[in-house]
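So the chains spell out like this:
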Amino acid sequence: MPTELDKALRAKALAGFDILDTPPEPAFDDIAHLASEVCGTQMALITLIDEDRQWFKARVGFEPTETDLARSVCVHAAASPGLTVIPDLRLDGRTCVNPSVSGDPALRFYAGAPLVTSGGQSIGTLCVLGYEARPEGLQPHQAATIEVLARQVMAQLELRRAVADLATRTETLRAQESRLRTVFETIYQFQGLLTRDGRLIDANAVSLKAIGCTEADVSGLPYCDTPWFLGTPGMRERVQGWVAQVAAGQDVREEFDLNLPGGTRTFDFAMRPVRSTDGTVVGMVPEAVDVTERRSAEAQLRQSQKMEAVGQLTGGIAHDFNNMLAVIVGSLNLLQRRLAKGETDVSRYVDAALDGADRAAALTHRLLAFSRLQPLDPVPVDANRMVTDMSDLLARTLGETVRMETVLSAGLWKAHADPSQLENAILNLCVNARDAMPDGGRLTVETANAHIDGAYGRENAVEPGQYVLVAVSDTGTGMSPEVVARAFDPFFTTKGVGKGTGLGLSQVFGFVRQSNGHVKIYSEPGRGTTLKVYLPRFHGPEGAPDEAEPSGTPNGSGAETVLVVEDDERMRACSVESLRELGYVVSEAGGGAEALRLVEGGRTFSLLFTDIVMPELTGRELADRMVAMLPGMRVLYTTGYTRNAVVHNGVLDAGTHLLPKPFGMDQLAEMVRTVLDS
C-alpha cells in the first residue's frame, strides 16, 4: 500500500494538471470507449487518484463519478509498474474484502495500466472492469492496447495542461504588452524600434507627433531617411554611421539640434542594440529626450552666474582702482599746489602718485593673469633652483612664527613655464599659507615629477602626460568645501576688509591654466591646506642660460633713432618724451599710414616702437611692411590688451618683443636697450 508520503507526492503531481472535477471531454471519453470495446468489458474508467478519493474523468458502464479509496481497486494498479490484471477479484488478497467486490453487484474482473507523468509519478489508471471473472485475463493485443491507451491519456493530460499554460502565458504576455505599449505611447521621450539593417519598425506617439506623421508614413523606411532627420543638414550621414555602429554591437550617445516642423529642438539621443539569447544583434532601440528647455534654463543659469561674477569682479576693480586713483589724484593736486607756491620739496607727492600708479598696473596684470590674457614667455625652468633661490625672500616674507621647509625631488624634470610668473605664483601661495596661520605653523614647499593619467585628466579637464609638481602645504585653519569651491574666484577672500584683494589665487589659477597646467586644492577645516600646481614637463633642447642683467638704467647713445607709432596722443607724447629723456633721437606718428610715409620719404630708424591695436593698420601689419623696407630695423611692440597678432594661445611669438602697458621709464629703458642690442 502507498505510504502517506506517496499519497502526498501523487496529490501534488495531480494538482499540477488542474483536472479534478472538470466536465467530460470527448478526447478522454473516446479512449474509455475504445478500451471497453477492445477488451470486451461492461465497464472502462479513466481514474485519477487524489489523497482521499478516486475521481473518474471518463467512464463507460459505471454511474458514480467518484468513490472513496476504500472501494478503489485502482490504487493497487497505480502503485504497480506496467499493466495489472486480476482475473478474479474475489480470489486476490488485495481486493477480496473490497466493498465493491463483496457487495451487490460485485466486481469480479479488473485490468488497469497506471497513468505515469513525465516525472515518474503515478496519478491514476486507465482500467477495464467486469462483473464476471475472466480466468484467461486479457489477450496480448488487448493488454498492449490498454498500455498504449494509458499513454494516450497522459498525452492528452499533458496537452491539456500545455494548452492551459499557453493560454495563461498568452494572457500574461498580452497584459505585459499592453502595459509596455501604454508606457511606450505615453512616455515623454521619443522611442522607436529598428531592424538590424536600420529600418523603422515602430515609433511612439510623441515622436510621430513631432514630425506630423502616422506610423504608416514611416514604417519600413531606413531610419536615416525618416522626417526626423531630413530637415537638418548632415544628419542623414551621421545617422547612417550610428546605425552601423550599433549593428556592430556598440552603444551611441549624442546631443544635437534637429530642425522639426515645430522649430529647432535640442535632443539628448541614445541608440543601443537589441540582442538575442546568444548575443547576436537582432535590432536597435533609438530614444531621444527633448532637452531644449533644460538647455535654455541651464544657459540662463550660467548667464546669471556669469553676471554675478562680473558684478563681483567690477565691484572689486572699482573699489581697488578708486583707492589707487584717490592716491594718484590727491598726490598730483598737492604737487600742483606746492609748485604754485614755489615749493620744491615735493618728492613725497611724486613718490605717492607713482606708488598708486604701480599698484594700479599690478592690479591690471593680475586681472590679465586671471583671464589668461597675459603674454607668457615660457622657457625650461628648474623648479628646485627657483625654490632654493627664493628661500631668503620667502623667509623674510613669512616671518619668524612660520617655520619653512623644502622637500626638493632629486632628478626633477624641467618645467615649461614663464619663470617670473611661476616665481610670483609660488610667492602668492606662500603668502596665503602664512595668512592661514595667524599663530604660526609649518609651511612646506615640495617639488616632484608627476604623471596625470587619462581618468584624472578627463575628470579635471587637463591633458594626460608628464608634469612638474610644485606643492605648498600649511598647518593653518584650512578651508571648508564651500570655500574651496570659490577659492579661485576673483576678489573672493576670507580675509578681513583691507587685508587682501582676493586676486592671489585667481592669478595663480589663470597663469597655470594658461600654461596648459593644472592646479588643485586639498583642504580640511582645522587641518591645513595643500595647493598643488602641475606644470607641463619641458621636452627638447635647452638654450644657454641668461646672462646677468646690468644694473642701472640703460640709456641711448644719442645716435640711435626710434619711431614711436601710437594712435593715443597723450600716450604717444609720454613715450616720446621718455625716450628723448633716455638719450634717443625720436620721431613720432599717429598711425600706420603716417609711419609708412616717413619711411617712403627716405627716413630710416633703428627701432620701431609701435602700439598693436590701431585703426587702418595693426602694429603687426605695420612692422611687417616696415621691416621689408628697412631690413636692419628692430621692432618693439606695446599694448594694453594681449589677445592680438603677436600672442597666440597666451604665448608670445618666437623672436617677438613686447612691453605691456602701463610701463615705467626704467622698464622702457631696459626693454629698448635689450631689443637694440639683440
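Small disclaimer: the values here were computed from a predicted structure and weren't measured. (Residues numbered from 1 in each chain as written. Predicted model: local features only at pLDDT ≥ 70, side-chain atom pairs only at ≥ 80, totals over all residues. Heavy atoms only, no water.)

**Details of the overall build of the chain**
Going by this rule: To qualify as a helix, a DSSP run of H or I must reach at least 4 residues; to qualify as a strand, a run of E must reach at least 2; elements of each kind are numbered from the N terminus. Burial classes follow relative accessibility: with a 1.4 Å probe on protein chains only, a residue under 20% of its type's maximum area counts as buried, one over 50% as exposed, and anything between as partly exposed. Contacts are assigned to residue pairs that have any heavy atoms within 4.5 Å of one another. For the accessible areas, the method is Shrake-Rupley and the probe is 1.4 Å, while residue cover comes only from the protein chains on display.
Each helix and strand in the chain was counted, giving 20 helices and 25 strands. Across the 678 residues that make up the chain, the buried fraction comes to 42%. A separation of at least 24 residues holds for 62% of the contacts in the chain among residues at least 6 apart in sequence. As displayed, the chain has an accessible area near 35600 Å², and 53% of this comes from carbon and sulfur atoms.

**Let's talk about the sheet that holds strand 6 (residues 122-130)**
The cut-off we apply is this: The criterion for strand pairing is that DSSP finds at least two bridges linking the strands in question. The angle between two axes is taken between their N-to-C directions and runs from 0 to 180 degrees, where each axis is a line fitted to C-alpha atoms and a helix contributes only its stretch in contact.
Strand order in this open sheet of six strands is 3-2-1-6-5-4, and the pairing throughout is antiparallel. Every interior strand has two partners, whereas the edge strands, strand 3 (66-68) and strand 4 (84-86), have only one. Across the sheet, the mean angle from the axis of one strand to that of its neighbour is 25 degrees, orientation sign disregarded. As defined by bridge partners, strand 2 (residues 53-60) adjoins strand 3 across three bridges and the pair is classed as antiparallel. Bridged to W55 within strand 3 is E66. In the packing of helix 1 (residues 4-15) onto the sheet, contacts are made with strand 1 (43-49) and strand 6, and the angle to strand 6 comes to roughly 90 degrees.

**Concerning unusual backbone geometry**
Of note, the bond from D104 into P105 is cis; its omega dihedral lies within 30 degrees of zero at -5 degrees. Along the polypeptide, P105 turns up in the loop between helix 4 (99-102) and strand 5 (109-116). The backbone of A461 shows a phi angle near 55 degrees, a positive value even though the residue is not glycine. Along the chain, A461 turns up in the loop between helix 14 (454-460) and strand 16 (465-474). Since its relative accessible area comes to 56%, A461 is described here as exposed.

**Some details on the packing of helix 12 (residues 383-398) against helix 13 (residues 419-435)**
Test applied: By definition, any crossing whose near helix is turned counterclockwise from its far helix by less than a right angle is left-handed, and any crossing with a clockwise turn is right-handed. In this classification, Asp, Glu, Lys and Arg are treated as charged, Ala, Val, Leu, Ile, Met, Phe, Trp, Tyr, Cys and Pro as nonpolar, and every other residue, Gly included, as polar.
Direction vectors running N to C along helix 12 and helix 13 enclose 35 degrees, while the axes themselves pass 11 Å from each other. Handedness of the helix 12/helix 13 crossing: right-handed. Contacts from M386, V387, M390, L394, T397 and L398 in helix 12 reach P419, L422, E423, I426, L427, C430, V431 and R434 in helix 13. Here the residues of the contact of helix 12 with helix 13 are counted per class, giving 11 nonpolar, one polar and two charged.

**A look at helix 20 (residues 665-677)**
Condition: Any helix carries an expected span of 1.5 Å times its number of residues minus one. The directions from the helix axis to the C-beta atoms are what the arc is built from.
Taking 1.5 Å as the rise per residue, helix 20 with 13 residues should run 18 Å; its terminal C-alpha atoms sit 18 Å apart, in good agreement. Inspection of helix 20 places L668, A669, V672, R673, V675 and L676 among the buried residues, and these make up the whole buried set. For helix 20, the arc enclosing every buried residue in end-on projection is 165 degrees, short of the 170-degree limit, so these residues lie on one face. For helix 20, the exposed residues lying more than 90 degrees away from the buried face are D666 and D677.

**Side note on the state of the cysteines**
For clarity, the threshold we go by: Disulfides are defined as pairs of cysteine sulfur atoms found within 2.5 Å of each other.
By the definition in use, this model includes zero disulfides. Note on C74: no disulfide assigned, nearest cysteine sulfur contributed by C127 at a separation of 3.7 Å. Look at C74 and you get buried, because its relative accessible area is 4%.

**Notes on the sheet that holds strand 15 (residues 441-452)**
The strand order 13-15-16-18-17 describes an open sheet built from five strands, whose pairing is mixed. The outermost strands of the open sheet, each flanked by one partner alone, are strand 13 (402-407) and strand 17 (518-524). Averaged over all pairs of adjacent strands, the angle between strand axes in this sheet comes to 15 degrees, irrespective of strand direction. Here helix 13 sits on the sheet in contact with strand 13, strand 15, strand 16 and strand 18 (528-536), set at roughly 30 degrees to strand 16.

**Quick notes on the environment of A288**
Counting through the fold element by element, A288 comes out in strand 11 (residues 281-290). A C-alpha to C-alpha distance of 9.1 Å links A288 and E255, two positions 33 residues apart in sequence. Those residues in contact with A288 that lie beyond four places of it in its chain are Q189, F190, F267, D268 and F269.

**A closer look at the environment of Q142**
Here is the rule: Pairs of N or O atoms are called polar contacts if they sit within 3.5 Å, as long as, within protein, a hydrogen donor faces a hydrogen acceptor (for residues adjacent in sequence, only side-chain-to-side-chain pairs).
By the secondary structure assignment, Q142 is in helix 5 (residues 140-186). The spacing of Q142 and E37 is 105 residues in sequence and 9.8 Å in space, taken between C-alpha atoms. Apart from the residues lying within four places of it in its own chain, the contact partners of Q142 are V38, C39 and R134. A polar atom in the side chain of Q142 sits 3.0 Å from the backbone oxygen of V38.

By themselves, these figures tell us nothing about what the structure is for.
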